[in-house]
Amino acid sequence: MKSFLLIIGIAIFSLSLSAQNDVDVLRYSQYQLGGTARSIGFGGAMGSLGADFSALSINPAGIGLYKKSEVSITPTFYFSNINASMNASSSSGYKDNFNLNSYGIVLASDLGNDKGWKYIQFGIGVNRTNNFNYNYHITNENTENSLLSDYQVQAFGKDPSQLDPFSTDLAWYNYLLEDTVRTGSGALAYTSPLAKGGAHQELKNTTWGSTNEMDISFGSSFSDIVYIGGTIGIPFVRYFEQYEYSESDLADTIANFNKFILDQSLETHGSGINFKFGIILRPTGFMRIGIAYHSPSYLYLDDKYSSRIVRLYDDGTTTNKESSIGRYNYQINTPMKIVGSATFTIARFFLISADVDYINYSSGKLKADDYAFYDENAEIRDKYQPALNLRAGAELRLRPMSFRVGLGHYGSPYKDNINSGDSWVLSAGLGYRDRDFYMDLGVSNTTKAEDYYLYNPQIIEKTELAYSNYRVAISVGYKF
């Protein structure tokens, strides 16, 4: 029963874009670093490899391996495909995006020492840590219930003046809920023309935006054995969601009803701060091991949201009502993360590297000045769990060319198997390097499966979402 109730929490957000909840915390807590093309082709296993701008966001001690200054930029193409399957219906949604996945500069200074502290480094730039560009389309023939069935439950016992201005009040205004019945106890119950279903259901959902993090990093190296570094991260959040849900009487079996459409929009902007510290040890010439600590990201966010319901009648007339524009400022503290890594070099022309992340998704928190979020934070603790993210990569160096492959597995954040949520990343790449110039190409494919519910899962079947996202990145860099 506990697992089933937790699933309800997953479903509710789909029609409650105005409410801050555990889904928001998870959205900004899961990272799949884009970074440079070398990092993408290498599976992101850059924690102990170093000397790559992506390392500033993984293990900042990697900056300590720079012996020359460097500037780089990584334009990236992103392609998303989501296949949605529900009952006998299946449909796909596509979205693409062009962005700068990474750009920055690292300045390395030679201290002139043969031993001891030989170099110091400073780096500043931006790495993309999340991409929110998705589009999915769900259709269903429902002969048993409706979104309005769920609204009847939410509205039960409430006076019309107490209804939710972003959902049930809009339905009531359009006569999709009617306050015509009282129970034996006197409680007000609402009727609906679609209480028993019979409609064609359709959802079109589009999201876009990103989290980009400005990294300001410092590092140094001691006798080419110990490398240390620290990063101040300043994440910038942009998230947009447009949601259109409709129910249509295609068979013309519901009196005086043709269709209703629910439109919802959400826009989130914000920024924050985090800190990263790391160390890499090189006990032998062919091995490096590293560990890094990532503090929580302290995000300060502003939501703007609205809803509208339009009803179409059989005679062609319409009614509609739009909510006011809601605004809310709040804070999210994401979980901290520990990153362990190791790199091995074989005969100077072949290297393999692996990273493991530990992140406890149940430790994320919502905060606000005027609301304590007790229930929402309890739901985070009940629904989510610790997870391990594993990344591995290999590189073959045949100067001036390099060839790379990578594999990653990102563990599910969900407790008790209430959903899937884990993802796999396959990648490959190649690079060209001479004394001062380099160019890299990286390609990755991320796959993930999740269950989604149009509304209350006690009354509707799940939709199976299958994600397949491609990233194609080109990095150009110059050393000086």
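Reading the values: the criteria
Residues numbered from 1 in each chain as written. Predicted model: local features only at pLDDT ≥ 70, side-chain atom pairs only at ≥ 80, totals over all residues. Heavy atoms only, no water. Helix = DSSP H or I, 4+ residues; strand = E, 2+ residues; numbered from the N terminus. Rg over C-alpha atoms; globule rule 2.2 N^0.38 Å. Contact = heavy atoms within 4.5 Å. Areas by Shrake-Rupley, 256 points an atom, 1.4 Å probe, with all protein chains shown as cover. Lys, Arg positive; Asp, Glu negative; His and termini not counted. Charge placed at Lys NZ, Arg CZ, Asp CG, Glu CD. Buried < 20%, exposed > 50% of the residue type's maximum accessible area, 1.4 Å probe, protein only. Polar contact = N/O pair within 3.5 Å; in protein donor to acceptor, adjacent residues only side chain to side chain. Phe/Tyr/Trp six-rings, centres within 6.5 Å; stacked < 30°, edge-to-face > 60°. Lys NZ or Arg CZ within 6 Å of the ring centre and 35° of its normal. pLDDT = per-residue confidence, 0-100. Pairing = 2+ DSSP bridges. Core = buried A, V, L, I, M, F, W, Y, C linked by side-chain atoms within 4.5 Å. 1 Å grid on protein atoms, 1.4 Å probe; cavity = no way out; pocket = protein on both sides within 12 Å on 5 of 7 lines; lining within 4 Å. Points joined across faces, edges and corners; volume = space filled by probe spheres on them. Nonpolar A, V, L, I, M, F, W, Y, C, P; charged D, E, K, R; others polar. Salt bridge = Lys/Arg side-chain N within 4 Å of Asp/Glu carboxyl O.

S.K.: Talk me through the overall build of the protein; I want residue IDs and the actual numbers.
M.R.: When you go through the protein residue by residue, the secondary structure sums to six helices and 21 strands. The C-alpha atoms of the protein give 26 Å as radius of gyration, which agrees with the globular expectation for 480 residues (23 Å, within 12%). Dimensions of the protein, computed from C-alpha atoms along their principal axes, come out at roughly 90 × 40 × 35 Å. Of the contacts formed within the protein by residues at least 6 apart in sequence, a portion of 72% connects residues at least 24 apart. Total accessible area on the protein stands at roughly 20,400 Å², and carbon and sulfur atoms take up 58% of it. Each charge class in the protein can be summarised by its mean position, and for the 40 positive and 49 negative side chains these summaries are 12 Å apart.

S.K.: Hey, could you go over unusual backbone geometry for me, with residue numbers and the actual values?
M.R.: The step from Arg399 to Pro400 runs through a cis peptide bond, and the omega angle for that step is 5°. Along the chain, the position of Pro400 falls in the loop between strand 17 (386–398) and strand 18 (401–410). Backbone geometry places Asn256, a non-glycine residue, at a positive phi of 55°. Here Asn256 falls in the partly exposed class, since its relative accessible area comes to 44%. For Arg348, which is not a glycine, the phi torsion comes out positive at approximately 65°. When its relative accessible area of 76% is taken as the criterion, Arg348 is described as exposed.

S.K.: Go over the side chain of Ser220 with me, naming the residues and quoting the values.
M.R.: Looking at the element boundaries, Ser220 is found in strand 7 (residues 199–222). A distance of 2.6 Å separates a polar atom in the side chain of Ser220 from the backbone oxygen of Tyr119. Excluding residues that lie within four positions of it along the chain, Ser220 makes contacts with Gly64, Trp117, Tyr119, Ile120, Gln121, Val226, Tyr227 and Ile228.

S.K.: Account for the packing of aromatic side chains, with residues named and values stated.
M.R.: For the structure on display, the rule yields 15 aromatic pairs. For the ring pair Tyr134 and Tyr467, a centre distance of 5.6 Å and an interplane angle of 90° mean the geometry is edge-to-face. Of this pair, Tyr134 sits in strand 4 (residues 134–142) while Tyr467 sits in strand 21 (residues 463–479), and the two are 333 residues apart along the sequence. Of note, Arg27 hangs over the ring of Tyr239, and the distance from its end group to the ring centre comes to 3.9 Å. Note that Arg433 overlies the ring of Tyr438, its terminal NZ or CZ placed 4.4 Å from the centroid.

S.K.: I'd like to hear about the confidence of the model for the protein, residue by residue, with values.
M.R.: Mean pLDDT over the protein works out to 93, with 96% of the residues at or above the 70 mark. Confidence, read as mean pLDDT per element, is least for helix 1 (residues 2–12) in the protein (39) and greatest for strand 10 (residues 287–294) (98). Overall, residues 1–15 carries pLDDT values under 50, and its contacts beyond four positions in sequence, including any with other chains, amount to 39 contacts.

S.K.: Requested: an account of the pairing of strand 18, with residues and values cited.
M.R.: One ladder, built from ten bridges, connects strand 17 with strand 18; its direction is antiparallel. From the neighbouring strand, Glu395 faces strand 18, where its bridge partner is Arg404. Between strand 17 and strand 18, which pair antiparallel in sequence order, lie two residues. Two strands pair when backbone bridges link them, and strand 18 and strand 19 (residues 423–433) are joined in this way by ten bridges, in the antiparallel orientation. From the neighbouring strand, Phe403 faces strand 19, where its bridge partner is Leu430.

S.K.: Please give an account of helix 2 (residues 22–29) that cites residues and values.
M.R.: Judged by how many residues are buried, helix 2 sits mostly within the fold: eight of eight residues are covered. Here helix 2 has its buried residues at Asp22, Val23, Asp24, Val25, Leu26, Arg27, Tyr28 and Ser29. By the N-cap criterion, in which a side-chain oxygen at the helix start approaches the backbone nitrogen of a residue two or three places on, helix 2 is capped by Asn21, the distance to Val23 being 3.0 Å.

S.K.: I'd like a description of the nonpolar core, backed by residues and values.
M.R.: Core analysis: the biggest nonpolar cluster contains 33 residues, and Ile138, Tyr151, Leu203, Tyr245, Phe260, Tyr452 and Leu454 have the highest contact counts within it. Considering each element in turn, this core owes the most residues, four residues, to helix 4 (residues 147–155).

S.K.: Break down the environment of Asp22 for me, citing the residues and quoting the values.
M.R.: Secondary-structure assignment places Asp22 in helix 2. The buried category is assigned to Asp22, whose relative accessible area is 1%. Through-space distance from the C-alpha of Asp22 to that of Ser217 is 31 Å; in sequence the pair is 195 residues apart. Polar contacts involving the side chain of Asp22 include one to the side chain of Lys383, which spans 2.7 Å.

S.K.: Any details on the layout of surface pockets? Residues and values, ideally.
M.R.: Counted as a void, the largest pocket has a volume near 910 Å³. In terms of lining, the largest pocket is formed by 27 residues, of which the most central are Ala51, Leu65, Arg288, Arg397 and Arg399. Going through the elements one at a time, strand 10, strand 17 and strand 18 are the ones with two or more residues in the lining of the largest pocket. Partitioning the lining of the largest pocket into residue classes produces eight nonpolar, four polar and 15 charged.

S.K.: Got a sec to walk through the pattern of salt bridges? Specific residues and values, please.
M.R.: A complete count under the given rule lists 19 salt bridges for this structure. Residue Asp436 pairs with Lys68 through a salt bridge whose shortest N-O separation is 2.9 Å. Of this pair, Asp436 sits in the loop between strand 19 and strand 20 (437–452) while Lys68 sits in the loop between helix 3 (37–41) and strand 1 (70–86), placing them 368 residues apart in sequence. Looking at Lys68, the relative accessible area reads 32%, which means it is partly exposed. Measuring nitrogen to oxygen at the nearest pair gives 2.6 Å for the salt bridge that ties Arg391 to Asp357. In this pair, Arg391 is assigned in strand 17 and Asp357 in strand 15 (residues 350–360), connecting sequence segments 34 residues apart. Both residues of the pair, Arg391 and Asp357, count as buried. Through salt bridges with shared partners, one network takes in Arg38, Glu395, Arg397, Arg404, Arg433 and Asp440.

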